[in-house]
Amino acid sequence: MIENAMRYSHTLLKNTVIPGDTVIDATVGNGGDTILLAALVGKTGKVYGFDVQSLALQTTKEKLLLTGLGEQVDLYLQGHETLKSVVPEKTEIAAAIFNLGYLPKSDKKIITKGETTIQAIHAILPMLRKGGLVLLVIYSGHQGGQTEKEAVLAFTEQLPQQFFNVLHYGFINQRNDPPFLLIIEKK
């Protein structure tokens, strides 16, 4: 069975991230990716998580407490575009994941934006290890979503192929703007 964009992003993380790795959850949201990443990096790894909504961080902190995975996770109430102020410059990143759009069951006016997402990707790419991944699950069916989608696609399409592979994964026969996955792999 074909995996949807979110499930496939998790499959890729499971095939890429190992204990001791450092990873980034650029949009913590309800904590699903953060929990998976924390389990994958183990006690010797590190997860940097970012979100602009305190509700997202609170929900995620509760899940981390319940799972016992909080020790390896640092959460920041700030946008992913600020990650350079937190993640040490020489850090080797195994993977980073973004879920673009808005926090489910919250204010749909608070959305990710193409400009800040591109700033974050631009900051991550030099730190990404060989074979490392930047995963972007793009939800574009909301106000502002198409603009961000177009900006991120334009940015990733111009990444030099001698250094990066970029894959567009998603269903093309579904209605209502189904989410799709952009995968950036460092060669």
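Placed above this text is the structure.
Residues numbered from 1 in each chain as written. Predicted model: local features only at pLDDT ≥ 70, side-chain atom pairs only at ≥ 80, totals over all residues. Heavy atoms only, no water.

Peer 1: For this particular structure, what's the right way to read the pattern of salt bridges?
Peer 2: Any two side chains of opposite charge can pair, on the condition that their charged atoms come close. For the structure shown, the criterion picks out two salt bridges. The shortest N-O distance in the salt bridge between Arg129 and Asp21 comes to 2.7 Å. On the criterion of sequence distance, the pair formed by Arg129 in strand β5 (residues 128-138) and Asp21 in the loop between α1 (5-16) and β1 (22-25) is long-range, its members being 108 residues apart. The buried category is assigned to Arg129, whose relative accessible area is 17%. Asp21 sits in the buried class, given a relative accessible area of 8%. Notably, a salt bridge pairs Lys46 with Asp74, separated by 2.9 Å at the nearest N-O pair. In this pair, Lys46 is assigned in strand β2 (residues 46-51) and Asp74 in strand β3 (residues 73-77), connecting sequence segments 28 residues apart. (Salt bridge = Lys/Arg side-chain N within 4 Å of Asp/Glu carboxyl O. Helix = DSSP H or I, 4+ residues; strand = E, 2+ residues; numbered from the N terminus. Buried < 20%, exposed > 50% of the residue type's maximum accessible area, 1.4 Å probe, protein only.)

Peer 1: How should unusual backbone geometry be read in this particular structure?
Peer 2: Peptide bonds are, in most cases, trans, and in most cases residues other than glycine have a negative phi. One non-glycine residue, Asn176, lies in positive phi territory at about 65°. Residue classification places Asn176 among the exposed positions, given a relative accessible area of 72%. In the Ramachandran plot, Asp177 falls in the positive-phi region, its phi being about 50° despite a non-glycine side chain. Its place among the elements puts Asp177 in the loop between β6 (164-169) and β7 (180-186). According to the relative accessible area criterion, Asp177 is partly exposed, its value standing at 40%.

Peer 1: Even after reading the chapter, I still don't get the packing of α1 against helix α2 (residues 32-41), so can you show me in this structure?
Peer 2: When two helices pack together, their arrangement is given by the angle between the helix axes and by the axis-to-axis distance. Closest axis-to-axis distance for the α1/α2 pair is 10 Å, and the angle between their directions is 15°. On the basis of their axis angle, the class for α1 and α2 is roughly parallel. The crossing of α1 and α2 is right-handed. Residues Met6, His10, Leu13 and Lys14 of α1 lie in contact with α2, whose contacting residues are Asp33, Leu36, Leu37 and Leu40. (Axes fitted to C-alpha atoms, helices over the stretch in contact; angles between N-to-C directions. Parallel < 35°, antiparallel > 145°, perpendicular 65-115°, else oblique. Left-handed = near helix turned anticlockwise from the far one by under 90°. Contact = heavy atoms within 4.5 Å.)

Peer 1: What is the right way to read the pairing of β2 from this model?
Peer 2: The side chains of a regular strand alternate between the sheet's two faces. In terms of burial, β2 is a largely internal element, five of the six residues being buried. Traced from β1 through α2 to β2, the parallel crossover comes out right-handed. As defined by bridge partners, β2 adjoins β3 across five bridges and the pair is classed as parallel. Across the sheet, residue Phe50 finds its bridge partner in β3, namely Tyr76. Handedness of the β2-helix α3 (residues 54-67)-β3 crossover: right-handed. (Right-handed = clockwise from strand over helix to strand, strands pointing away. Pairing = 2+ DSSP bridges.)

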